[in-house]
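Results of the structural survey
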Amino acid sequence: MSVLNTAPPRAAAKPGSATWRLIKAESKLSIRDKMALLWGVGIPLVVLIILGSIPSLRKPNEDTGGLTTFDVYVPVLILFNLAILAVTALPTTLAGYRENGVLQRMRTTPIGPARVLTAQLVANFAIALVAMILFLAVAGLGFGVDLPQHLFGFAVAWLLAAAALLAIGLLLTARVPGRSVASAMGMVLFFPMMFFAGLWVPISEMPAVLQNISRYTPLGAGMRAFQDAYLGHFPSVLPLLTLAVYAVGCSIIAVRWFRWE
Amino acid sequence: MPPVIEVRNLHKRYADKVAVDDVSLTVQEGEILGILGPNGAGKTTTVECIEGLRTPDRGEIKVLGLDPLRDRAELTRRLGVQLQAGQLPERLQVAEALELYSSFYPRPADWRGLMHDLGLTDKAKTRYAKLSGGQKQRLSIALALVGNPRVAILDELTTGLDPQARRDTWDLIEGVRSRGVTIVLVTHFMEEAERLCDRLALIDAGRVVMVDTPAGLTERARIGQRIQFRPSRPLDDSLLTSLPDVSGVTRRGELVVVSGNDNALNAVTTVLARNQIVAERLRVEQASLEDAFVRLTGKRLDPH
Ligand SMILES: Nc1ncnc2c1ncn2[C@@H]1O[C@H](COP(=O)(O)OP(=O)(O)O)[C@@H](O)[C@H]1O
Ligand SMILES: [Mg+2]
């Protein structure tokens, strides 16, 4: 179209390094968000330590294939951490960025606002990864809970659960007008999701109807996949597929719906 | 040489409101064009269309020969933007923001130097949320310049700054201009427009009322001088109104106020001398751009 376009002076541009800096900056900002760290990491860690100190929770249980109630709570708390970061911290931050014109400001730079989203996703993913390792270490070293017997299966399940939850968080953010609505919607979503993961009543003790519903919720599916891995086999297809459908489906809709302002 | 920015017959409406009705503008290389107009005139919408943030309903825009929508990637590398309402993440520190933004551009300016020029060095480690309005504004100016742009569009450049910071910012902008950067400045402030702009576009209700140099605008509004004095003895108005250089005579108590073109003072003093009248407490005011604006649009620019 234009003469100025014929020789793009692209040589000096280093989008790779800019993306990396953006990821570092967003990670720093997420760590400075004390509320997210308190709810996402501090509280589940404290709960883990308290539950681990209750002897009656440390007896093997028939319903869960010989795992103790405490054993089952370790993955529940890992999911708690993922859910807080993905459906409350991420949407609140991004909706705030939209509300305050941060994304609009990024649109005027060569980097563009989509990479802010990516950086926020990576930052939350990284914090969740560190928290997951921390929880496993505390449960293992502090209370003698064995690592999941099928470690690879556990890793796959965790990755899919992280992808599904982050996609749900992104979808939640796609159209909300501002921070306050985003954090309210995140909370509304968080409690039923955690219920179906067995935070209050372990899944194995739920009535059959609820157990069936739980199967198709993201955290219920996540729990099933984790339990398979804890008991020593690669997670079965249904929970993994459920998580993958959430991850892909929500991402596609979120990308289509996402508004920058 | 083709203009750096060319806008032709721009039209943009929001759901129920025409924000920009018909705007055409050109900006030449190296000049500072001021866009002046009352609140809601369509200034921000116009520059956001130029920046490629909004899709015009009609009209053509070229910036450095690029189409702001189709050639976004290339345009963002060469255009520095200060948004009227754009903010930064609350917990991001000043130096972090500048360093981060400078990494977005192929040939960035020295961000430490900019931080210093804008008086933000002591705030380097302060979080954005903790900055005062004026400091946020200065950071936003620094971020608009950190990519070493060929063209900068600054919306409400000095709104929210105290008078000293405003003058410092003007010096900075003059420095930027002297490096050959073309600047579009959206402003409310007459003094700013007079001091910085080579040409001014007056926008009112989504239309360009007039484009001219600041001096040309005052001239066109035909209000050159305002002369005020107390005559030493009674004076017949017709002595003054008959002068071709005088356009109006009014009384304010015992004072006579005469307006007219640049020759009015000469003519008035000659007539007074011939009639042996002494002009006591004589004051002469050059008509300001503000007067011109009111004359041309019938509106005040910055309602107090
Ligand atoms: N996003 C928007 N949606 C609807 N109306 C808008 C929007 N932005 C601006 N307007 C309206 O368009 C008109 C022009 O606004 P704007 O371009 O911001 O003017 P200015 O910058 O000159 O004050 C105003 O009446 C304003 O209320
Ligand atoms: Mg405006």
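Residues numbered from 1 in each chain as written. Chains lettered and ligands numbered in written order. Predicted model: local features only at pLDDT ≥ 70, side-chain atom pairs only at ≥ 80, totals over all residues. Heavy atoms only, no water.

1. Re the coordination of the magnesium ion (ligand 2)
Residue and element names in this part refer to chain B. What counts here: Here a donor is an N, O or S atom found within 2.8 Å of the metal, or within 3.2 Å if the metal is Na, K or Ca; sites may look incomplete because water is not among the atoms. Put simply, DSSP H or I for four residues or longer makes a helix, DSSP E for two residues or longer makes a strand, and each gets a number counted from the N terminus. Residue burial is assigned from relative accessible area. The probe radius is 1.4 Å, only protein chains are included, and a residue is buried under 20% of its type maximum, exposed over 50%, and partly exposed in between.
Binding of the magnesium ion (ligand 2) to the protein goes through Thr44 (OG1) and Gln84 (OE1), at separations of 2.0 to 2.2 Å. Taken as a pair, Thr44 in helix α1 (residues 43-50) and Gln84 in the loop between β5 (79-82) and α3 (94-102) lie far apart in primary sequence, 40 residues in all. When its relative accessible area of 21% is taken as the criterion, Thr44 is described as partly exposed.

2. Some points on the pairing of strand β12 (residues 255-260) of chain B
Residue and element names in this part refer to chain B. Let me state the cut-off plainly: Strand pairing is assigned whenever DSSP identifies at least 2 bridges connecting the two strands.
In terms of residue burial, β12 counts as a mostly covered element, since 5 of its 6 residues are buried. Where strand β10 (residues 225-231) meets β12, 5 bridges bridge the pair, whose relative direction is antiparallel. Bridging from a neighbouring strand, Gln228 pairs with Val257 of β12. Of the strand pairs in this sheet, strand β11 (residues 246-252) and β12 are connected by 6 bridges, and their pairing is antiparallel. Looking at β12, one finds that Val249 is bridged to Val258. Hairpin connection, β11 to β12: the antiparallel pair is bridged by 2 residues, and Gly253 has positive phi, about 65 degrees.

3. Observations concerning the confidence of the model for chain A
The cut-off we apply is this: Scored from 0 to 100, pLDDT records how confident the predictor is in each individual residue. We call two residues in contact when some of their heavy atoms are within 4.5 Å.
Per-residue confidence for chain A gives a mean pLDDT of 90, with 94% of residues at or over 70. Throughout residues 1-13 of chain A the model reports pLDDT below 50, and contacts reaching past four residues in sequence, or to other chains, amount to 16 contacts.

4. Regarding the site of ligand 1
All names here are of chain B. Using the following cut-off: To be near a molecule or strand, a residue needs just one of its heavy atoms within 4 Å of it. Polar contacts, as used here, are pairs of N or O atoms within 3.5 Å; protein pairs need one atom able to donate a hydrogen and one able to accept it. Residues neighboring in sequence count only if both atoms are side-chain atoms. Calculation of accessible area relied on Shrake-Rupley with a 1.4 Å probe; when residues are assessed, cover is drawn exclusively from the protein chains displayed. Three residue categories are used. Nonpolar comprises Ala, Val, Leu, Ile, Met, Phe, Trp, Tyr, Cys and Pro, charged comprises Asp, Glu, Lys and Arg, and polar comprises the others, including Gly.
In the neighbourhood of ligand 1, the contacting residues comprise Tyr14, Lys17, Ala19, Pro38, Asn39, Gly40, Ala41, Gly42, Lys43, Thr44 and Thr45. Take Gly42: an N or O atom from its main chain is 3.0 Å from an oxygen atom of ligand 1. Within the contact set of ligand 1, an oxygen atom lies 2.7 Å away from a side-chain nitrogen or oxygen of Thr44. Across the complex, the protein chains shield 65% of the 570 Å² of accessible surface that ligand 1 would expose by itself. Looking at the shell around ligand 1, the elements that each hand over two or more residues are β2 (17-27) and α1. Among the elements that take part in the shell around ligand 1, α1 stands out by supplying 3 residues, more than any other. Each residue belonging to the shell around ligand 1 can be placed in one class, and the counts come to 4 nonpolar, 5 polar and 2 charged.

5. Thoughts on the layout of surface pockets
All names here are of chain A. Put simply, the rule is: Residues are said to line a cavity or pocket when one of their atoms sits within 4 Å of a point; the points come from a 1 Å grid over protein atoms alone, cavities being sets where a 1.4 Å probe fits but cannot get out and pockets being open sets with protein on both sides within 12 Å along at least five of seven lines. Grid points are joined across faces, edges and corners, and a volume is the space filled by probe spheres set on the points.
Empty space within the largest pocket amounts to approximately 400 Å³. Considering the residues around the largest pocket, the lining is formed by 21 residues, among which Asp33, Ala89, Thr92, Thr93 and Arg179 are closest to the centre. Going through the elements one at a time, α1 (15-32), α2 (34-52), α3 (69-99) and α7 (179-196) are the ones with two or more residues in the lining of the largest pocket. Here the element with the most residues in the lining of the largest pocket is α3; it accounts for 7 residues. Among the residues making up the lining of the largest pocket, the classes are represented as 9 nonpolar, 8 polar and 4 charged.

6. Thoughts on helix α9 (residues 218-230) of chain A
Residues and elements named next belong to chain A. Using the following cut-off: To estimate the expected span of a helix, count its residues, drop one, and scale the result by 1.5 Å.
An ideal rise of 1.5 Å per residue puts 18 Å on 13 residues; α9 measures up with 18 Å between its terminal C-alpha atoms. Where burial is concerned, most of α9 is hidden: 12 out of the 13 residues are buried. Every buried residue of α9 is listed here: Pro218, Leu219, Gly220, Ala221, Gly222, Met223, Arg224, Ala225, Phe226, Asp228, Ala229 and Tyr230. On its buried side, α9 packs onto α3, α5 (114-143), α6 (151-175), α7, α8 (208-216) and α10 (237-257). In the stretch just after α9, Gly232 is the one whose phi turns positive, near 105 degrees.

7. Quick word on the interface of chain B and chain A
Interfaces are often described in size by the accessible area the parts lose on coming together. Stated formally: As a working definition, buried area equals the accessible area (1.4 Å probe) given up by two parts on being put together, with both sides summed. The salt bridge criterion pairs a side-chain nitrogen of Lys or Arg with a carboxyl oxygen of Asp or Glu, the two atoms within 4 Å.
Each side of the interface is counted separately: chain B has 38 residues, and chain A has 29 residues. At the boundary of chain B with chain A, total buried surface from both sides reaches about 3200 Å², with 53% on carbon and sulfur atoms. Taken as a group, B:Leu53, B:Arg91 and B:Phe104 account for 19% of the area that chain B buries against chain A, more than any other trio of residues on that side. Linking chain B with chain A are 5 salt bridges, by the criterion used here. A salt bridge links B:Arg91 to A:Asp33; its shortest N-O distance comes to 3.6 Å. Counting the contacts that link chain B with chain A gives 9 residue pairs in polar contact (both at pLDDT 80 or more). Broken down by element, the side of chain B that touches chain A gets its largest block of residues, 5 residues, from helix α2 (residues 72-78) of chain B. Of the residues assigned to the side of chain B that touches chain A, the class counts are 17 nonpolar, 7 polar and 14 charged.

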